[in-house]
Amino acid sequence: MEAENGEARLVSKGRAGLMRIETQRKSAAETATVCHDDSTPPVRAQTIDELHGLQKKKSAPSTPRTARTPGQGQGSAFAIISEEDFQKQQLQSISASLASLTRETGPKVVKGDPARKTEGHRVAHSGHNIHDTFDISDSALKFTHVLYNLSPAELYEQAIKYEKGSFITASGAIATLSGAKTGRSPRDRRVVKDETTEDELWWGKGSPNIEMDEHTFMVNRERAVDYLNSLDKVYVNDQFLNWDPEHRIKVRIVSARAYHSLFMHNMCIRPDAEELEEFGTPDFTIYNAGQFPCNRYTHYMTSSTSVDLNLARREMVILGTQYAGEMKKGLFSVMHYLMPQRHVLSLHSGCNMGKGGDVALFFGLSGTGKTTLSTDHNRYLIGDDEHCWSENGVSNIEGGCYAKCIDLSKDKEPDIWNAIKFGTVLENVVFEEHTREVDYSDKGVTENTRAAYPIEYIPNAKIPCVGPHPKNVILLACDAFGVLPPVSKLSLAQTMYHFISGYTALVAGTEEGIKEPQATFSACFGAAFIMLHPTKYAAMLAEKMQKHGATGWLVNTGWSGGRYGSGNRIKLAYTRKIIDAIHSGALLEANYVKTEVFGLEIPTEIDGVPSEILSPINTWSDKKAYNDTLLKLGGLFKKNFAVFANYKIGTDNNLTEEILAAGPTF
């Protein structure tokens, strides 16, 4: 049997009775009349490895390689150097960061993934020649592969391949686990107390700064560095803090996990190619050896976790916790120390800007609505958490956002929901096994689920994240006692008092039917991160507000008409109307009356807000209960402020007394 008009013929039977096929070659002319030849030339590869090599192309430097002239300082001229010399200098800098101080030598470092071939890779080694010393360690005989400033796609590959618990979710974000620690460990955070920091920092009752000595820090640093050097590879991020170029800080993060590297890639400011080429020596370095515990027999250690800051050495060491937020907040603490030295105020606040250039700062503890109210589609977002106020205006410290995810929904927080996509890190969330859809209501791992993403993922983010001097400073409190007004205009002294107090109220559990609000105070609305005494930050805030004509406001987003359980939560729509009136300047033109005890100035009328709720006493049916609750809250304020009352600001007590007088009086 022959195929009609074809080139194949069944001519005989082969094995198992199958027909053999013979083919006849057609001429080129005959082939051309049958069909179009869409074949392509073969690939330029002889092996599968060569084929994979063709898939990726090297990125060429955007500018000529430059380096500072040897021996010259900052601001000196640059000399053009070869690509090879530049790579060598960069690796030597990283090796120096990883140097063991007892051996005065850094590891042999090489760029690239150890899973790939290393032939031809440039190698650098800082310190003395290892043949000149008897103190040779195993790590000195091996290469440490450096994965330097990897892209999110590369870090995804590393995490998925090597880190258990890493998964790509349905939205494209990567889900990771932070291990046993799902939040910060403030009791394990320590700061080296030396001759300088003993006088400069806030120590003692109420302070977040737990002391350690230089020797103990060096023991922990050596432990962390030795652990990192024992690994086949480490991740190195060179990035920036502060969008204000004049006050920018260069930071280097050395870590053992792709999760940590991607987290910091998102949270810090990402340098472009030219900035990276001129990066040089970092101003501050983090050694994140969080997978390895500290030695509990070491002096000052109270657990297997230790987060240590040495401000003189400009270094931070992390042992015994893989929670990435320790790096973010550790650097924030560093900025709380470094920036005031430059007369720049560091602030734990949200910040947005109107289309006319009017800037507002939002301070508030968890549950006060800081994120909700600072995110306004009619205004540009400068940042959601950490800022600086300098002579140039305001600037975001970070390059990303770190949002809470518990009970997240597209309807309530559309911007955060839409930002959870490729490149975003999702911490400790639970997802459906097959579809990888995240269940944000699930607290199976922890209630403190988080998303870390670049700030440009927010549609109305202002890039670069800087703005002019603020016009309004808004202090948010969720008062569950129900006695603070929905809004009050503050004097400078009152602004300082309430800024130092950092008040909100949390609702207690319902054990045995008791529903009692619990007052919470956090100095400067971020006591866990400040380094200096709170009154120093308050004095700087008042100085800048006075100089630039900013107005302070206290906004209660909590209860009205009674405490929690008997009153009602102030409607978000009313609070938004209040914030709008602050932004527009309408509240500056309003008429005001003064309240008892706290002496707050409250407006008599606001467009879109019922006038009867503006004065809290009007909303309580039981006036005696109102007065009793007001006095109780005033007493809690006084008790909290007693910690700060004896601290002098400047050469006399005048300013301290002025702040005290701005508190509750009865």
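Because the structure is a prediction, the values reported are computed rather than measured. (Residues numbered from 1 in each chain as written. Predicted model: local features only at pLDDT ≥ 70, side-chain atom pairs only at ≥ 80, totals over all residues. Heavy atoms only, no water.)

## Some remarks on the overall build of the protein chain
The condition that has to hold: The secondary structure listing takes helices from DSSP runs of H or I that are at least 4 residues long and strands from runs of E that are at least 2 residues long, numbered from the N terminus. Any two residues whose heavy atoms approach within 4.5 Å at even a single point are treated as in contact. Only the protein chains shown count as cover for residues, and the accessible areas themselves come from Shrake-Rupley with a 1.4 Å probe.
For the protein chain, the helix and strand inventory stands at 17 helices and 37 strands. Residue pairs in contact within the protein chain that sit at least 24 positions apart in sequence constitute 70% of those at least 6 positions apart. Just so you have it, the protein chain exposes about 31,900 Å², and 51% of that area is on carbon and sulfur atoms.

## Observations concerning the pattern of salt bridges
The test is simple: Just to be clear on terms, a salt bridge is a Lys or Arg side-chain nitrogen sitting within 4 Å of an Asp or Glu carboxyl oxygen. For every residue, the accessible area obtained with a 1.4 Å probe (protein chains only) is divided by the maximum for its type, and the residue is called buried under 20%, exposed over 50%, and partly exposed between those limits.
Within the structure shown, the criterion is met by 15 salt bridges. Note that Arg-270 is salt-bridged to Glu-456, the shortest N-O span being 3.0 Å. Placement of Arg-270 in the loop between helix 7 (258-267) and helix 8 (273-277) and of Glu-456 in the loop between strand 27 (450-454) and strand 28 (466-467) is noted, with a sequence separation of 186 residues between them. For Arg-270, a relative accessible area of 22% corresponds to the partly exposed category. One salt-bridge network, in which partners are shared between bridges, spans Lys-328, Lys-329, Lys-370, Asp-385, Glu-386 and Glu-398.

## Let's talk about the packing of aromatic side chains
Put simply, the rule is: Two aromatic rings, drawn from Phe, Tyr or Trp (for Trp, its six-membered ring), form a pair once their centres lie within 6.5 Å of each other, and the interplanar angle then sorts them: stacked below 30 degrees, edge-to-face above 60, tilted otherwise.
Using the criterion set out here, one finds 20 aromatic pairs in the structure. Arranged with centres 6.0 Å apart and planes meeting at 35°, the rings of Phe-363 and Phe-525 form a pair that is tilted. With Phe-363 in strand 19 (residues 359-363) and Phe-525 in the loop between strand 32 (517-521) and helix 13 (534-548), the pair connects residues that are 162 residues apart, well separated along the chain. Each member of the pair, Phe-363 as well as Phe-525, is classed as buried. For the ring pair Phe-598 and Phe-637, a centre distance of 5.1 Å and an interplane angle of 80° mean the geometry is edge-to-face. Taken together, the positions of Phe-598 in the loop between strand 36 (592-594) and strand 37 (601-603) and Phe-637 in helix 16 (residues 623-641) put the pair 39 residues apart, joining distant regions of the chain. One exposure class covers both Phe-598 and Phe-637, and it is buried.

## Digging into the confidence of the model for the protein chain
For clarity, the threshold we go by: The quantity known as pLDDT measures the predictor's confidence residue by residue, on a range of 0 to 100.
In this model, the protein chain carries a mean pLDDT of 88, and residues with pLDDT of at least 70 account for 83%. Counted against residues more than four places away or in other chains, residues 3-8, with its pLDDT under 50, gives 8 contacts. Segment residues 128-136 is flagged for pLDDT under 50; beyond a separation of four residues in sequence, or across chains, it makes 9 contacts in the model.

## Here's the deal with the sheet that holds strand 24 (residues 425-427)
In sheet architecture, strand pairing relies on hydrogen bonds along the backbone and comes in two forms, parallel and antiparallel. To keep things clear, this is the line we draw: Only strands joined by at least two bridges in the DSSP assignment are considered to pair. In this analysis an axis means a line fitted to C-alpha atoms, helices contributing only their contacting stretch, and an angle means the value between N-to-C directions, from 0 to 180 degrees.
With mixed pairing, the 5 strands of this open sheet are ordered in space as 8-9-24-27-23. Single-partner strands in this sheet number two, and they are strand 8 (167-168) and strand 23 (400-404). Direction of pairing for strand 9 (residues 174-176) relative to strand 24: parallel, over a ladder of 3 bridges. Each residue of the ladder has a partner; that of Ala-175, found in strand 24, is Leu-426. Of the strands in this sheet, strand 9, strand 23, strand 24 and strand 27 are in contact with helix 7, which crosses strand 24 at around 120°.

## Topic: the sheet that holds strand 22 (residues 393-396)
With antiparallel pairing, the 4 strands of this open sheet are ordered in space as 17-21-22-28. Because the sheet does not close on itself, it has two edges, and the strands there are strand 17 (345-348) and strand 28. With 4 bridges joining them, strand 17 and strand 21 (residues 386-390) adopt antiparallel strand pairing. Considered in strand 21, the bridge of Ser-346 is made with Cys-388.

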